[in-house]
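Topology and contacts: notes
For reference, the chains in residue letters:
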Amino acid sequence: MKRLRQNTAPYLPVGDFAALSSGPCLLAAARCLDMMRLHIGPVTGAGDEGGQFIFRLQKESMKGGPGQKDYRGLEEQLKEDEGSLQQQQEFAKKKKEMLDRIKKAQEEAKSKAETEEKQTHPEPEKEKESKNSEERLKNAREEAARKAAEELLRNPRPMIAIPAGEFIMGSEPGKGQPDESPQRTVYLDAYTIDKYEVTVAQYNDYLKKSGGEPPDFWDRVNSKEDGNRPVVGVDWLEADEYCRFYGKRLPTEAQWEKAARGTDGRKYPWGYDDTSSQFANFASGIISFSYGKSLANVGSYEAGKSPYGVYDMVGNVWEWVNDWYRKDYYQVALAKNPAGPDIGDYVVIRGGSWAIRPAVARSAGRMFLSPNTRSNSLGFRCAGEAR
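Predicted model, so just to flag it, every value in this text is computed and none were measured.

The rules we used
- Residues numbered from 1 in each chain as written.
- Predicted model: local features only at pLDDT ≥ 70, side-chain atom pairs only at ≥ 80, totals over all residues.
- Heavy atoms only, no water.
- Helix = DSSP H or I, 4+ residues; strand = E, 2+ residues; numbered from the N terminus.
- Buried < 20%, exposed > 50% of the residue type's maximum accessible area, 1.4 Å probe, protein only.
- Contact = heavy atoms within 4.5 Å.
- Areas by Shrake-Rupley, 256 points an atom, 1.4 Å probe, with all protein chains shown as cover.
- 1 Å grid on protein atoms, 1.4 Å probe; cavity = no way out; pocket = protein on both sides within 12 Å on 5 of 7 lines; lining within 4 Å.
- Points joined across faces, edges and corners; volume = space filled by probe spheres on them.
- Nonpolar A, V, L, I, M, F, W, Y, C, P; charged D, E, K, R; others polar.
- Disulfide = S-S within 2.5 Å.
- Phe/Tyr/Trp six-rings, centres within 6.5 Å; stacked < 30°, edge-to-face > 60°.
- Lys NZ or Arg CZ within 6 Å of the ring centre and 35° of its normal.
- Polar contact = N/O pair within 3.5 Å; in protein donor to acceptor, adjacent residues only side chain to side chain.
- Salt bridge = Lys/Arg side-chain N within 4 Å of Asp/Glu carboxyl O.
- pLDDT = per-residue confidence, 0-100.

Looking only at helices and strands, the protein has ten helices and nine strands in total. Split into buried and exposed, the 387 residues of the protein put 39% on the buried side. Partitioning the intrachain contacts of the protein with sequence separation of at least 6 by distance along the chain shows that 75% fall at a separation of at least 24. Accessible area of the protein: about 22300 Å², with a carbon and sulfur share of 51%.

Structure (structure tokens):
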């Protein structure tokens, strides 16, 4: 083959055309072919085979020969490739959107699981703080109980003086039980009331001096550990006999309520905050009764004492009072020193207990039982004349 000495016309050598006719250069080759059809010119050197090839290709394309077929086939293949590429791009877009949705769902599920885990298992710091708070409350109760025990050693039956005067008794409609209405102002003469509920040690001393019969649940008493817990299992008549043995009596319902709430009509002895383990021994969740687990030592709840300094007026044990029960008594009761109905089938109890958290565990709450009832959640305290 003769070497092409000079080639300044816009022709392509065979080797260059072959390179353009493959891969991504198909379109460029086709366009070049189209241009060559329109720009055929003489070549230098009559024996130049590159020029002869271009000339033949141009002639075949004009006649609709093999060159034209190849050109059209390349164009069709290009269109197919472009369509396939577009489909792949759309598929890739949809795939990305789907993966994004899956990732978002996984993140939401993880966040939800972490939230539930925190609610079920509080963070260590919160658990630690909760334990510290419980420990502080426990220590405060133990310290208050220790002081009460020391006082009881010095003075076996301490009493609190309640001055004469008016106080708010009962509850407004809708804020208590129906038998607590109407709320009214009541005047009481001065009196005294036990600072603490009658304890196991006090009742044991009474039994030794009086020769009386032990109350129910007495066989469960641990004399070394339960001396300062409230005595239970005593019925109304036995409680009254105890008080009279020491020159006292059971408080009237009005006397009990004034000692519990003071003169400002507060909901609880400590104020208006709802009952909690800071203020009283109530709703402990213990099912099987024992003195040690169910009952707190008297005077353990310093924060729960009344405005006059009377302890455990809500929680620990229900307390017998002197009044017979009558549902509508407040509607006919005297406004000065009311002493309850003359007779009845049931006797009023006050204050709630360790066992449950009833709606009546408030300063104004009322409940009633048969006078011969003996219960492991029922005790008492005494009242006396003003000193």
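Alright, that's what it looks like, and here's the rest.
Our focus in this paragraph is empty space enclosed by the protein. Tallying each qualifying case throughout the model produces one cavity of 30 Å³ or more. Roughly 60 Å³ of internal volume is contained in the largest cavity. Considering the residues around the largest cavity, the lining is formed by Arg 157, Pro 158, Asp 194, Tyr 196, Glu 197, Val 198, Gln 202, Tyr 242 and Lys 248. Taken together, the residues of the lining of the largest cavity break down into four nonpolar, one polar and four charged.

Our next topic: the state of the cysteines. For the coordinates displayed, the defined rule picks out one disulfide. Residue Cys 243 pairs covalently with Cys 382 via a disulfide, S to S 2.1 Å. Judged by the torsion about the S-S bond (-85°), the Cys 243/Cys 382 disulfide is left-handed. Linking Cys 243 in helix α7 (residues 236-245) with Cys 382 in the loop between β8 (378-379) and β9 (383-385), this pair joins segments that are 139 residues apart in sequence.

Attention shifts here to unusual backbone geometry. Residue Pro 182 follows Ser 181 across a cis peptide bond; omega there is 0°. Locating Pro 182 in the fold gives a position in the loop between β2 (165-169) and β3 (184-188). In this structure, Asp 312 takes a positive phi of about 60° despite not being glycine. Accessibility expressed as a relative area gives 6% for Asp 312, which makes it buried. At Asn 337, a position not held by glycine, the phi torsion is positive, near 45°.

Tallying each qualifying case throughout the model produces 19 aromatic pairs. Judged by centre distance (5.2 Å) and plane angle (55°), the ring pair of Tyr 203 and Tyr 206 falls under tilted. Linking Tyr 203 with Tyr 206, this pair stays in helix α6 (residues 200-210), spanning three residues, or about one helical turn. Considered together, Tyr 203 and Tyr 206 belong to a single accessibility category, that of buried residues. Through pairs of rings, three or more aromatic residues link up here, namely Tyr 203, Tyr 206, Trp 218, Tyr 242, Phe 245, Tyr 246 and Phe 380. Between Arg 157 and the ring centre of Tyr 246, over which it is positioned, the NZ or CZ distance is 3.8 Å. Above the face of the Tyr 330 ring, Arg 184 is positioned so that its terminal group lies 4.3 Å from the ring centre.

Turning to α7, its buried residues are Trp 236, Glu 238, Ala 239, Asp 240, Tyr 242 and Cys 243. Buried residues along α7 sit against α6, β5 (318-324) and β6 (347-350). By the N-cap criterion, in which a side-chain oxygen at the helix start approaches the backbone nitrogen of a residue two or three places on, α7 is capped by Asp 235, the distance to Leu 237 being 3.2 Å. In the stretch just after α7, Gly 247 is the one whose phi turns positive, near 75°.

Time to look at the pattern of salt bridges. One pass over the structure, following the stated rule, counts 23 salt bridges. Salt-bridge contacts for Arg 261 lead to Glu 257; the nearest nitrogen and oxygen are separated by 2.6 Å. Of this pair, Arg 261 and Glu 257 both sit in helix α8 (residues 253-261), four residues apart, which is roughly one turn of the helix. The exposure classification of Arg 261 matches that of Glu 257, with both residues buried.

A few words now on the confidence of the model for the protein. Taken as a whole, the protein shows an average pLDDT of 83; of its residues, 79% reach a score of 70 or greater. Taken together, the stretch residues 1-51 has pLDDT below 50 and engages in 44 contacts with residues farther than four places along the chain or on a different chain. Note that pLDDT drops below 50 for residues 57-65; the model gives that stretch twelve contacts with residues more than four away or on any other chain.

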